[in-house]
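Commentary on secondary and tertiary structure
In case you want the letters, here they are:
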Amino acid sequence: MTDPRPRRRTVRLLAALVLAALAFGVAGCGQNVPVDPVPEKALAAGAQKEQAAQQAQTSGSAEASKLWTEAANYYTAVEKKFPGQSPGVQAAMKAARITDEQLKNTYGAWTALRPVVRQISQTALPEKDEAQKLLIALEDKQDKVNSASPFFVAMDVLVRIFGGNPAVSPV
């Protein structure tokens with residue numbers, strides 16, 4: 001006779017996943033952040049949110065992290081409202097910088113900025129070079145974090161053992 005406990009755990013896990021999926025489906029994934037239709041006003045509102053977060057951080061308020069998150073989310077909404085345009089790219093870079101520097105989430109900043117840089121890679125936008133440089137800086141910073149991981153070290157050893165041969169290398 002088999003032990004029913006593993007099956008019960010599986011059923012509970014599946015039930016929890018279904019409930020979570022339903023909750024996200026009902027509530028929606030992400031907030032609906034209102035953004036001014038005038039790009040200059042939208043960016044100015046983002047700057048005000050940044051200023052409020054900076055003031056809260058300077059005063060040592062516990063609200064600082066929440067305000068930085070709100071500012072980053074707002075800039076992300078601005079980027080979504082003006083995709084592939086200068087204001088959208090400026091907002092994406094501001095969101096990436098806040099996410100990296102203030103919220104200490106380099107990977108999240110890189111993940112959010114990468115599709116924006118891909119989208120504008122064939123354009124003549126003045127922000128294109130700055131966005132590409134920021135993306136490379138985020139990649140380098142994340143590589144430094146990853147290289148300290150024991151998993152990275154193990155993977156690096158495997159690559160060296162197999163000589164970086166694409167036929168057998170895990171990278």
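The structure presented is a predicted model; accordingly, all values stated were derived computationally and were not measured.

1. A word on the overall build of the protein chain
The number of helices and strands found in the protein chain is 7 helices and 0 strands. Shown N-terminal to C-terminal, the secondary structure of the protein chain runs as helices and strands in the order α-α-α-α-α-α-α. Among the 171 residues that make up the protein chain, the fraction classed as buried is 27%. Restricting to contacts in the protein chain with at least 6 residues of sequence separation, those with at least 24 account for 58%. Surface summary for the protein chain: the accessible area is close to 11,700 Å², and the carbon and sulfur share equals 59%.

2. Examining the packing of helix α4 (residues 86-102) against helix α6 (residues 128-147)
Helix-helix packing: each pair is described by the crossing angle between the helix axes and the interaxial distance. Taken N-terminus to C-terminus, the directions of α4 and α6 make an angle of 20°; their axes are 10 Å apart at the nearest point. With respect to their mutual orientation, α4 and α6 come out roughly parallel. Classified by chirality, the crossing of α6 by α4 is left-handed. Of the residues in α6, those in contact with Val-89, Met-93, Ala-96, Arg-97 and Asp-100 of α4 are Glu-130, Ala-131, Leu-134, Leu-138 and Lys-141.

3. Some details on the side chain of Lys-128
Looking at where Lys-128 falls in the secondary structure, it is placed in helix α6. Buried and unpaired, Lys-128 has Asp-129 as its nearest opposite-charge partner, separated by 5.2 Å. Here Lys-128 is in contact with Ile-120, Ser-121 and Thr-123, once residues within four sequence places are set aside.

4. Focus on the packing of aromatic side chains
Enumeration according to the criterion identifies 2 aromatic pairs in this entry. An angle of 35° between the planes, with centres 5.8 Å apart, marks the rings of Tyr-107 and Trp-110 as tilted. Of this pair, Tyr-107 and Trp-110 both sit in helix α5 (residues 106-120), 3 residues apart, which is roughly one turn of the helix. The class of Trp-110 is buried, set by a relative accessible area of 16%. For Lys-49, the ring lying beneath its charged end belongs to Tyr-74, and the centroid distance is 5.3 Å.

5. As for the confidence of the model for the protein chain
Of the residues in the protein chain, 77% have a pLDDT of 70 or more, and the chain-wide mean is 85. Within the model, pLDDT remains below 50 along residues 22-30, and this stretch shows 2 contacts once partners closer than five positions in the same chain are excluded.

6. Observations concerning α4
Spanning 17 residues, α4 covers 23 Å between terminal C-alpha atoms, matching the ideal 24 Å at 1.5 Å per step. Most of α4 is tucked away: 12 of the 17 residues are buried. Taken residue by residue, α4 has Ser-86, Pro-87, Gly-88, Val-89, Ala-91, Ala-92, Met-93, Ala-95, Ala-96, Ile-98, Thr-99 and Asp-100 as its buried positions.

What counts and how
- Starting from 1, residues in each chain are numbered consecutively following that chain's sequence as written.
- The model is predicted, so local features are restricted to residues of pLDDT at least 70 and side-chain atom pairs to those at 80 or more, both for listing and for counting; the totals for chains, interfaces and linings are taken over all residues.
- Note: side-chain values were computed over all heavy atoms of the structure, leaving out hydrogens and water.
- The secondary structure listing takes helices from DSSP runs of H or I that are at least 4 residues long and strands from runs of E that are at least 2 residues long, numbered from the N terminus.
- Throughout this description, buried means an accessible area under 20% of the type-specific maximum (1.4 Å probe, protein chains only), exposed means over 50%, and partly exposed covers the range between.
- Residue contacts are counted whenever heavy atoms from the two residues lie within 4.5 Å of one another.
- We get accessible surface area from the Shrake-Rupley algorithm with a probe of 1.4 Å; when it comes to residues, only the shown protein chains can shield them.
- Working convention: axes come from line fits to C-alpha atoms, limited for helices to the stretch in contact. Angles between N-to-C directions cover 0 to 180 degrees.
- The labels follow the angle: roughly parallel below 35 degrees, roughly antiparallel above 145, roughly perpendicular from 65 to 115, and oblique for the rest.
- Here a crossing is taken to be left-handed if its near helix is turned anticlockwise relative to the far helix by less than a right angle, and right-handed if that turn runs clockwise.
- The sign given to each residue is positive for Lys and Arg and negative for Asp and Glu; His and the chain ends receive no count.
- Any Lys or Arg side-chain nitrogen found within 4 Å of a carboxyl oxygen on Asp or Glu counts as a salt bridge.
- Only the six-membered ring of Trp is used, alongside the rings of Phe and Tyr, when aromatic pairs are assigned; centres must lie within 6.5 Å, and planes under 30 degrees apart are stacked while those over 60 apart are edge-to-face, with the rest tilted.
- Charges are assigned to positions over rings by a cutoff of 6 Å between ring centre and Lys NZ or Arg CZ, combined with an angular limit of 35 degrees from the ring normal.
- The predictor attaches a confidence to each residue, and that confidence, scored 0 to 100, is pLDDT.
- Every helix has an expected span of 1.5 Å times one less than the residues it contains.

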